Amino acid sequence: MKLRHTTAWVGLTAAALVAATGCGSEAAKETSKKAAEAAVSNTDKIMAALGRATDRTEELGSAEVKMTTDLGTGTPIAMDGTYSWGDGMAYDVQMDTKAAQMEALQDAPTIRTLLVDGVYYYDVDPQPSGPIAGKEWIKVDSSAVFGDSGSQAYKNGGDAGNPTASLKGLKYASDVENLGRQTVNGQSTTHYRAVLDESDMGQFQEAYSGEGSMLGDMTGGATTMAMDIWVNDKDLPVRMKQVMGNMKISMDFAEFGATKAIDAPPAAQTADLTEALKEQNGQ
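Residues numbered from 1 in each chain as written. Predicted model: local features only at pLDDT ≥ 70, side-chain atom pairs only at ≥ 80, totals over all residues. Heavy atoms only, no water.

*Asks:* A description of the environment of Gln-182 should follow, citing residues and the corresponding values.
*Replies:* Secondary-structure assignment places Gln-182 in strand β7 (residues 175-184). A relative accessible area of 31% means that Gln-182 is categorised as partly exposed. Gln-182 sits 50 residues away from Asn-232 along the chain, and the two C-alpha atoms are 9.6 Å apart. If we skip the residues at most four places from it in the chain, Gln-182 touches Gln-187, Ser-188, Thr-189, His-191 and Trp-230. At 3.1 Å, the side chain of Gln-182 forms a polar contact with the side chain of His-191. One polar contact links Gln-182 to Trp-230, side chain to side chain, over a distance of 2.8 Å. (Helix = DSSP H or I, 4+ residues; strand = E, 2+ residues; numbered from the N terminus. Buried < 20%, exposed > 50% of the residue type's maximum accessible area, 1.4 Å probe, protein only. Contact = heavy atoms within 4.5 Å. Polar contact = N/O pair within 3.5 Å; in protein donor to acceptor, adjacent residues only side chain to side chain.)

See the structure below:
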């Protein structure tokens, strides 16, 4: 139930009763009061459930995740692997090479991609010449994506972009509602929906609007983010979907906790293309 809309409905109903009777009867006032109290109580229950899911997810620190990112400009990009947020955001995933438009650098259908300490690494085929000649990994700092200020917030926040950060942001949502029980990936879940305005998104704010950020272009200048989350009976997310303008992200979770450590590749095997990418994107 959407609190904001429900409260407006309660107010209109009360006003109609007063107009019809010529006075605010005690019965009408009591009905209005109970309806408003029920709306607040239901919202509190939703926020409590989402709070438990946040705490439990943060506690476990990692999960195996299947993720799809659709920027609305081509084939959605699929990523499958380990996400870790226990000691800063990190991941070790296999990404669809063709969807990521990296066929020129990787012959295999998937390309291994790492995120460690705010830096992205892509495992490519050794190149015979050019800036990455003889190197196995491409290195790109997050400042090439989020801009310098956004990247700093991303790194300082430690968990920006991970499921825990997204869940924490729900407490600032403009609207929340419980859409009932649904079966997802063979699990019985409760489906919740929330809407976050741009001003609600906490540490996402600088990444969204920081100078030099590509994220505003990716989302088409959207100012809100809609989130759907399916939570199982163990207070853990089974699926989460986010829609922000043109960008749509879907994540399915399994095997929380006890996943492998994620480390950056040896520096001698990497070629840093951060500045080249910034120049290409006009930063």
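And the narrative resumes.
*Asks:* Talk me through the side chain of Thr-69; I want residue IDs and the actual numbers.
*Replies:* Along the chain, Thr-69 falls in strand β1 (residues 62-70). Assessed through its relative accessible area of 13%, Thr-69 is described here as buried.

*Asks:* Got a sec to walk through the pattern of salt bridges? Specific residues and values, please.
*Replies:* If you walk through the whole model with that rule in mind, you get seven salt bridges. Here Arg-181 makes a salt bridge to Asp-233, at a shortest N to O gap of 3.0 Å. With Arg-181 in strand β7 and Asp-233 in the loop between β9 (224-232) and β10 (237-244), this residue pair connects regions lying 52 residues apart in the sequence. Between Arg-239 and Asp-252 there is a salt bridge, with its nearest N and O atoms 2.8 Å apart. (Salt bridge = Lys/Arg side-chain N within 4 Å of Asp/Glu carboxyl O.)

*Asks:* Explain the nonpolar core to me, and be specific about the residues and the numbers.
*Replies:* Grouped together as the largest cluster of nonpolar side chains are 48 residues, with contacts concentrated most on Met-79, Tyr-83, Tyr-91, Met-95, Tyr-122 and Met-251. Leave out the neighbours within four places in its chain, and Met-79 touches Val-65, Lys-66, Met-67, Tyr-91, Val-93, Gln-94 and Met-95. Counting seven residues, the second largest nonpolar core, distinct from the first, contains Val-116, Tyr-121, Trp-137 and Ile-262. (Core = buried A, V, L, I, M, F, W, Y, C linked by side-chain atoms within 4.5 Å.)

*Asks:* Break down the environment of Gly-245 for me, with residues and values.
*Replies:* Within the fold, Gly-245 resides in the loop between β10 and β11 (247-254). When its relative accessible area of 38% is taken as the criterion, Gly-245 is described as partly exposed.

*Asks:* Any details on the side chain of Asp-252? Residues and values, ideally.
*Replies:* Assignment of secondary structure puts Asp-252 in strand β11. Judged by its relative accessible area of 18%, Asp-252 falls in the buried class. A polar side-chain atom of Asp-252 sits 3.1 Å from a polar atom in the side chain of Asn-185. A polar contact of 2.8 Å, which involves the side chain of Asp-252, links it to the side chain of Arg-239. When sequence neighbours within four positions are dropped, the list of residues in contact with Asp-252 reads Glu-64, Val-65, Lys-66, Asn-185, Val-238 and Arg-239.

Honestly, it's all geometry; don't read function into it.
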